[in-house]
Amino acid sequence: MTTVTTRQVASDNIVVVENLSTTFATPRGSLTAVNNVSLTIQRGMSLGIVGESGSGKTVLSRSIIGLLPPSNMTQTGSATINGNQIIGVAHKELLKLWGSEVAMIFQDPMTALTPTRRVGDQIAESLRINLKMSKKDAKAKAIDLLRQVGIPSPERRSRAYPNQLSGGMRQRVMIAIAIACGPEFLVADEPTTGLDVTVQAQVLDLISELRREANLTMILVTHDLGVVATRTDNVAVMYAGRIVEQAPTKELFARVAMPYTKGLLDSTPRIDAPSHTRLSSIEGRPPDLVNPPAGCPFAPRCTLAQDLCHKEAPALVASTLDPDHLFACHYPLNGHAAQPQGA
Amino acid sequence: MTAPLLSVKDLVVTYGSRKNAVQAVAGVSFEVMEGETLGLVGESGCGKSTTGRAILQLERASSGSVEFDGEELTGLTRGEMRTRRRKLQMLFQDPISSLNPRRKIKNIVAEPLIIWGEADEAKRETLVNEMLLEVGIDPALAGDRYPREFSGGQCQRISIARSLVANPKLLVCDEMVSALDVSVQAQIINLLTDLKKKHNLTLLFIAHDLAVVKNVSDRVAVMYLGRLCELGPSDDLYAHPLHPYTEALLSAAVVPDPDVQLSHTTLEGEPPSPINPPSGCRFRTRCPSAQTRCAEEVPELREVRPGHQVACHFPLSTTHVAIGESPNAQ
Ligand SMILES: Nc1ncnc2c1ncn2[C@@H]1O[C@H](COP(=O)(O)OP(=O)(O)OP(=O)(O)O)[C@@H](O)[C@H]1O
Ligand SMILES: Nc1ncnc2c1ncn2[C@@H]1O[C@H](COP(=O)(O)OP(=O)(O)O)[C@@H](O)[C@H]1O
Ligand code: SF4
Ligand code: SF4
Ligand SMILES: [Mg+2]
Ligand SMILES: [Mg+2]
């Protein structure tokens, strides 16, 4: 049903996702975690994916790079990186991609690092496997990388085990591993969630700097609208497995179209608002993805919902105000309206 | 705001012993006035939770005093403390694991009433049902169910019901909304604000999120490596921070608006280990304004603007006080 009018900009799209769905078989029934998502990312740009817990951010970003356990999962649609198809492709093929063109940073570096091995060895191993470096060169390069990601006394720190480093340091090590083989596309899933604000700023600064140097394309998954506002070129808002709004970052924050996005913004406490400012909250909870409601997935919580909303799911469409501003809502805010189809 | 309900003076809490001793709280003093919300903010490991736990005597102070409602708590035995707990409740970050998984919701909420001797079962049931309704949980639907059947936000509501059912005076909230999604977090913050007013509660609100702390607090205390850096009225402290650490924290925070470019002075490095804290000012190893005196002399908290205290030899300049002007009496 939802088909995004692909905007034919003669540009260099490194990531192209078309009608991608990811469904898990669960004991309660099938759960559609990613529901018919289409998006493109231009080379060198960063796309923020925001949404609340369980909205499908992680499953979508992992689906795009093929990093999901296939056992209880089925997928339809397509996702390509640099023209290489990811969906339905053998693990062996994907391995080549992960080592070179694609890299990932996770929220919890502790689970991604091997606890019993020195961090320098873990970086060096990736260099030896993917870049076929000699043991000696890899070791030297690993120390170089640790220096590059801002770890003080990198020679000494390369001999540390993960649990001997702080959370911020471990995330820097993860970033060193991610950039070790010179990827073109980086997926960072909540890379600073759980870190203190000053460390978060350091890590985000580091990622921005590395991106600029290497013209890296990035997906930044986060639940923090503040991080998205300051660190991304474009934003996609997810709700119940769908993209419900997508726009260039400044445009999105200036002219929200979708009531859910507005709800998220209004319920976020801000340090530039006076103390005791009453937050407007969204009542209720996101729908159960095993038994999603008919119509708009946000309808049960939406104060603007009308009959149509409960019957018919709104498609993701381009706005007449800005063709790059997409929204999925029958009654959009701020003067947005759907562009006539095929225009 | 009238008299202090809680006074913490020169509180020191030490973990471990001898060589491995860590002063997690290293001489902290503040007061919480009756009916006010004091926010306590700082980065992980700075001693916020330890301070909260020491107030409830869940950790014992090595020195210093904790006076609550006119009574010194630090010398009390566990048994004596148990009876005081009726007036002094704590709420935690992880609502699901802080509720007993094998007990029904109605029994969980009734627990404090049983402990504090509300013998009449019918009266207990009425109180529990009223309290559940107040936090937005339908007692008829939820009473006989177990915590695992509820979401994080609902479990936090149930925890609030349990903590309020015996009519306490002071709530110590430790990161109680940190694990919740923003829409649910806003629901819980609003609920807490309303209940505070209705029940005339006093709150010590501990969190690392600067925006959340500002939203709920009348005054805010900023903590670094076991000591307070600054304490003042929320709006004043966020608009005109006096301590270089407060300023650094605020400039690292993000706002959901791409057009608001907060000044961005990134603080280098991470807090040093509390095992071997820097001499003098504990922030000096990362402070952009540090001078020789900072290594030699511990800055004490002093009032430099009405109701606004700072522990720094060279506070950020303000229009009200020239640097070096003699501090007001504490
Ligand atoms: N392996 C799996 N098997 C079954 N269901 C899954 C699996 N992985 C994810 N899900 C479900 O898919 C939905 C989306 O999950 P996902 O992890 O993408 O959310 P998220 O937006 O990343 O949330 P968070 O902010 O909590 O990380 C959830 O309902 C989740 O329970
Ligand atoms: N039970 C404990 N045993 C030993 N050290 C502890 C214990 N609890 C906390 N600490 C240490 O005390 C310091 C303060 O911790 P905590 O009060 O939990 O900080 P916060 O709540 O601000 O994150 C940290 O250095 C921490 O590692
Ligand atoms: S489609 Fe209807 S229910 Fe959905 S967000 Fe728009 S107004 Fe609300
Ligand atoms: S006392 Fe010195 S080191 Fe400490 S915060 Fe003030 S200026 Fe910085
Ligand atoms: Mg996730
Ligand atoms: Mg804590």
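Residues numbered from 1 in each chain as written. Chains lettered and ligands numbered in written order. Predicted model: local features only at pLDDT ≥ 70, side-chain atom pairs only at ≥ 80, totals over all residues. Heavy atoms only, no water.

### Re the pattern of salt bridges
All chains considered together, the criterion is met by 28 salt bridges over all chains. Of the charged contacts in the structure, one is a salt bridge between A:Glu52 and A:Arg301, with a shortest N-O distance of 3.9 Å. One end of the pair, A:Glu52, is in the loop between strand S3 (46-50) and helix H1 (57-65); the other, A:Arg301, is in the loop between helix H11 (259-266) and helix H12 (307-311), and 249 residues separate them in sequence. A relative accessible area of 9% places A:Arg301 in the buried class. Between B:Asp69 and B:Lys169 there is a salt bridge whose closest N-O contact spans 3.0 Å. On the criterion of sequence distance, the pair formed by B:Asp69 in the loop between strand S4 (63-68) and strand S5 (71-72) and B:Lys169 in the loop between helix H6 (152-164) and strand S7 (170-174) is long-range, its members being 100 residues apart. Here B:Lys169 falls in the partly exposed class, since its relative accessible area comes to 27%. Salt bridges linked by common partners bring A:Asp12, A:Arg43 and A:Glu184 together as one network. (Salt bridge = Lys/Arg side-chain N within 4 Å of Asp/Glu carboxyl O. Helix = DSSP H or I, 4+ residues; strand = E, 2+ residues; numbered from the N terminus. Buried < 20%, exposed > 50% of the residue type's maximum accessible area, 1.4 Å probe, protein only.)

### Regarding helix H8 (residues 197-214) of chain A
The end-to-end C-alpha separation of H8(A) is 26 Å, in line with the 26 Å expected for 18 residues at 1.5 Å each. Phi turns positive, to about 50 degrees, at A:Asn215, one or two residues after H8(A). (Expected span 1.5 Å × (residues − 1).)

### A few points about the packing of helix H7 (residues 167-179) of chain A against H8(A)
Residues and elements named next belong to chain A. With their axes 10 Å apart at the nearest point, H7 and H8 run at an angle of 15 degrees to one another. Between H7 and H8, the crossing angle belongs to the class labelled roughly parallel. As for how H7 packs across H8, the hand of that crossing is right-handed. On H8, the residues touching Gly-168, Gln-171, Arg-172, Ile-175 and Ile-179 of H7 are Val-199, Gln-202, Val-203, Leu-206, Ile-207 and Leu-210. Class assignment of the residues belonging to the contact of H7 with H8 gives a composition of seven nonpolar, three polar and one charged. (Axes fitted to C-alpha atoms, helices over the stretch in contact; angles between N-to-C directions. Parallel < 35°, antiparallel > 145°, perpendicular 65-115°, else oblique. Left-handed = near helix turned anticlockwise from the far one by under 90°. Contact = heavy atoms within 4.5 Å. Nonpolar A, V, L, I, M, F, W, Y, C, P; charged D, E, K, R; others polar.)

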